Amino acid sequence: MNGWFLKISDFADELLNEIDSLSEWPEKVKTMQKNWIGKSFGASIKFFIENSSDHIEIFTTRPDTIFGASFIAISPQHRLAKKIAKKDFKAADFIKFCENQSNKEIDIEKADKHGYETNLLVSHPFKKNVKLKIFIANFILMDYGTGAIFGCPAHDQRDYDFAKKYSLDILPVIQTEENLPYTGDGIHINSGFLDNLNTKDAIKFCIDKLRKLNIGEEKISYRIRDWGVSRQRYWGCPIPIIFCNDCGEVPVPEEQLPIYLPNDITFDKKGNPLDYHPTWKHTKCPICHKKAVRETDTFDTFFESSWYFARFTDLNPKKAFTEEAIKYWMPVDQYIGGVEHAVMHLLYSRFFMRALKRVNTIDVEEPFISLQTQGMVCHQTFKTKKQKWLFPNEIFKKDNMFFHLNTKEPVEAGRIEKMSKSKKNVVDPQQIIENFGADTARFFMLSDSPPNRDMEWSNSGIEGSWRFLNKLWKFVQGLPKGISNDKLPLNLSNNQKELLKILNESIMETTKAIDEFHFNIAVASVRSLFNYLYTYKIKNDVDKTLIIYVTKKFLILINPMVPHLAEELWDHLAKEQIIANQSWPKVDLNYMQKDRQKMPIQVNGKVRAVIEIPINSTKKDIERIALREKNVLKFLINKPKKVIIIPNRVINFVI
RNA sequence: GCGGGCGUGGCGGAACUGGUAGACGCGCAAGAUUUAGGUUCUUGUAUCGAAAGGUGUGGGGGUUCAAGUCCCUUCGCCCGCACCA
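All values derive from a computational prediction rather than experimental measurement.

Analysis parameters
Residues numbered from 1 in each chain as written. Chains lettered and ligands numbered in written order. Predicted model: local features only at pLDDT ≥ 70, side-chain atom pairs only at ≥ 80, totals over all residues. Heavy atoms only, no water. Near = heavy atom within 4 Å. Polar contact = N/O pair within 3.5 Å; in protein donor to acceptor, adjacent residues only side chain to side chain. Helix = DSSP H or I, 4+ residues; strand = E, 2+ residues; numbered from the N terminus. Pairing = 2+ DSSP bridges. Axes fitted to C-alpha atoms, helices over the stretch in contact; angles between N-to-C directions. Contact = heavy atoms within 4.5 Å. Patch = residues over 30% accessible without salt bridge, like charges linked within 9 Å, V, L, I, M, F, W, Y side chains within 5 Å. Areas by Shrake-Rupley, 256 points an atom, 1.4 Å probe, with all protein chains shown as cover. Salt bridge = Lys/Arg side-chain N within 4 Å of Asp/Glu carboxyl O. Core = buried A, V, L, I, M, F, W, Y, C linked by side-chain atoms within 4.5 Å. Buried < 20%, exposed > 50% of the residue type's maximum accessible area, 1.4 Å probe, protein only. Arc of directions from axis to C-beta. Parallel < 35°, antiparallel > 145°, perpendicular 65-115°, else oblique. Left-handed = near helix turned anticlockwise from the far one by under 90°. Nonpolar A, V, L, I, M, F, W, Y, C, P; charged D, E, K, R; others polar.

In the neighbourhood of RNA strand B, 53 residues make up the surrounding shell, with Thr61, Lys113, Tyr144, Arg158 and Arg467 lying closest. Atoms of RNA strand B within 4 Å of the protein belong to the sugar or the phosphate in 63% of instances, the rest to bases. Arg649 places a polar side-chain atom, nitrogen or oxygen, 2.6 Å from a base oxygen of RNA strand B. Asn652 is positioned such that a nitrogen or oxygen atom in its side chain is 2.8 Å from a base oxygen of RNA strand B. When residues of the surface near RNA strand B are assigned to their parent elements, the largest contribution, 6 residues, is made by helix H17 (residues 519-539).

Another point: the sheet that holds strand S4 (residues 71-74). With respect to topology, 4 strands assemble into an open sheet ordered S5-S6-S4-S7, the strand pairing being mixed. If you trace the sheet from one side to the other, it starts and ends with strand S5 (115-123) and strand S7 (148-151), each paired once. Recorded for the sheet is a direction-independent mean angle of 30° between the axes of neighbouring strands. Of the strand pairs in this sheet, S4 and strand S6 (residues 131-137) are connected by 4 bridges, and their pairing is parallel. Of the residues in S6, the one forming a bridge with Ala73 is Phe135. Seen against the sheet, helix H3 (residues 79-87) touches S4, S5 and S6 and runs at an angle of roughly 105° to S5. Against the sheet, helix H6 (residues 157-165) contacts S4, S5, S6 and S7, and its axis sits at roughly 70° relative to S7.

This next bit is on a nonpolar patch on the surface. A contiguous nonpolar surface patch, about 260 Å² in accessible area, is contributed by Met508, Val587 and Leu589. Residue placement: Val587 occurs in the loop between helix H19 (563-573) and helix H20 (589-592).

This part is about the sheet that holds strand S26 (residues 642-646). One key point about sheets: their strands pair by backbone hydrogen bonds, in either a parallel or an antiparallel sense. Spatial ordering of the open sheet is given by S25-S24-S27-S26, a layout of 4 strands whose pairing is mixed. For this open sheet the edge positions go to strand S25 (606-614) and S26, each flanked by a neighbour on one side alone. Ignoring strand direction, the axes of neighbouring strands in this sheet form an average angle of 20°. Sheet topology note: the strand S24 (residues 596-603)/S25 ladder contains 8 bridges and is antiparallel. Paired with Val603 across the strands is Lys606, a residue of S25.

What follows concerns the nonpolar core. Counting residues in each nonpolar core, the largest one holds 40 residues, and the members touching the most others are Phe443, Leu472, Val550, Phe554, Leu555 and Ile558. Taken together, the elements giving at least two residues each to this core come down to helix H15 (462-477), helix H16 (494-515), H17, helix H18 (544-558) and H19. Of all the elements, H18 adds the most residues to this core, at 10 residues. For Phe554, the contacting residues outside a window of four places in its chain are Leu472, Val526, Leu529 and Phe530.

Attention now goes to helix H21 (residues 619-626). For H21, the set of buried residues is Ile622, Ile625 and Ala626. End-on, the buried residues of H21 take up no more than an arc of 100°, which puts them together on one face. Across H21 from its buried face, at more than 90 degrees, point the exposed residues Lys620 and Arg624. Buried residues in H21 make contact with S24, S25, helix H22 (630-633), S26 and strand S27 (650-654).

Taken N-terminus to C-terminus, the directions of H17 and H18 make an angle of 160°; their axes are 11 Å apart at the nearest point. Judged by the angle between their axes, H17 and H18 are roughly antiparallel. In the crossing of H17 with H18, the sense of the turn from one axis to the other is left-handed. For the pair formed by H17 and H18, the contact residues are Val526, Leu529, Phe530, Leu533, Tyr536 and Lys537 on the first element and Leu546, Ile547, Val550, Thr551, Phe554, Leu557 and Ile558 on the second. Residue classes in the contact of H17 with H18 are distributed as 11 nonpolar, 1 polar and 1 charged.

Bringing unusual backbone geometry into the picture now. Across the junction of Leu257 and Pro258, the peptide omega takes the value -5°, indicating a cis bond. For Pro258, the location among the structural elements is in the loop between strand S12 (248-251) and helix H8 (273-276). With an omega of -10°, the peptide bond running from Met330 to Pro331 counts as cis. One can find Pro331 in the loop between helix H11 (323-329) and strand S16 (332-338). One non-glycine residue, Ser167, lies in the positive phi region at around 50°. Looking at the secondary structure, you find Ser167 in the loop between H6 and helix H7 (199-212). Here His289, not a glycine, exhibits a phi torsion of approximately 65°, which is positive. Turning to its location among the elements, His289 is positioned in the loop between strand S13 (282-284) and strand S14 (291-294). On the basis of relative accessible area, His289 is assigned to the exposed category, the value being 55%.

Have a look at this one:
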């Protein structure tokens, strides 16, 4: 394939090793990147072809199973396969068959393994007189390892399937009670100098021997391939290369950058619009100044998304980055994106920062300190009988059946899938915003489920959020205007202390929940606080100063969730400033200190009573108080064998 | 097949380092207000049971005074990669 590639493979090891330093990334994303890079340790081994000076080099992670080898298989794209095909028409046909197969949907045929038996043989490196046949096989990938393997059917599923199909030897070389193929570790048998060794030692021993004989060595293989960045489309950054007949491929000099795309472009023909534009590509060679043409491919869009966040640190129109801005802003403290970017975008960005560092442009390695991946919003899909997709708002439900709103015809209800325009299973938030307002919509969405999880969209419950915010509105409107005393009364009653305790608990919980992206818990916490405050006002209506004090703190807590409403209500209470400028409330531990503590009393692990005791009571006191409980005594038929008291937590009588 | 995640009421979901399972809400039920419906308010709502009490975090087993939480095993669902040697 023709095109430009970025040599991300050079960074494979670094990108892999540094994954472990990303402590604030989801485990899932990290494993996906690890698998994508796919580092594996093994060996390369040369097999010499009989009656020829040629040889085949294979890659294996299990050199220890070499004595079980019963065939060699090479990819249809392998150099040797092509060489064979020149003389052997049947081989050529087979290769063509494989190529067609890989172009079509492979899924259906995937399980099937096909091979073509060539008339070539190789000799086994350690078993004199043993010759192995070379097959061309459809399941060998050219992009991985060397595009060639030795097949050890007893200890590899694929080789086993293949050997069964073509009646090849299946010789176990690892001791096992299990059915073949056995892919685990074990003690080696039928393996000459590897006999009686375990897998780890056998691998090491085998590689040593191969190296001594100069026919193989230790080798590390990666799954990751270089990043093909060429695209044949208009919407992308032009690749800054000029093709000159004399000088070859010449990079566009920095002072001529950036290259702008032409504005007078048409899309009426097939192919790359830049390529058939009449003038754009024609230019001069920067070296010899003769006529030359521009590269008409453009960069992959991932190219730009790999560094935009660094660009965003500064508006400077002349420079991509400024040192001070990068130093100040980078790396990104909190990055948010969908899981679908787990490997491509997020790996490319990590690669880009390193590449830029290597050319001394910026001094950043990891672009994103903390990563949150939000889940996908899903919804049921609907189709007409003629298989046309329908929007959920075109549907109504009756007796558990779905019908079209206009035609009243029955509708097919499909799977619940991630929302996508093509399947029309999308809900337009605009409708919700029109009916309930943006604040209600936001509050409702936050309350539903944590953002890192997939969720099924449902409108049910939005009225609940609506009700709550209405209640809040009325509550604050009922408070006197403009009392902006932020000082607390000196002598607090127990009721007042309790209210302040609840307030501070809520500040703590809400803050923590927001920090951890558990917005649903934050919503629950502010709701609880309001419920308490609401009841408090009914009972202690005269206590205006404290009620307003707590209400103001409460409004700051709920402000990020319902900013418009909170600002309005704040204005009602406190004339001096806007709520957006208020600092986040701090937890005052003085009000959270309790002097009494509820403790469950268990008998044999079952809760039988709950007592309230002074905090930090001695174990003796706790036990004494616990033993006064009727419902506990009822179960203490025998004298307890053991009494477990965890102060301030639990007491358990074991009988 | 490999890797990752999840499984808790009718539903969405809570539960800090093992220590009162079901917070908060939706829904539902009953009642109050209302001339109807809606709104609003109160109460109830895991489950079996009249009660006492029993049972309950997908199933089975284990560790522990104590398990949603830790360990083993098994089932189901979702996502990612997929013939990676």
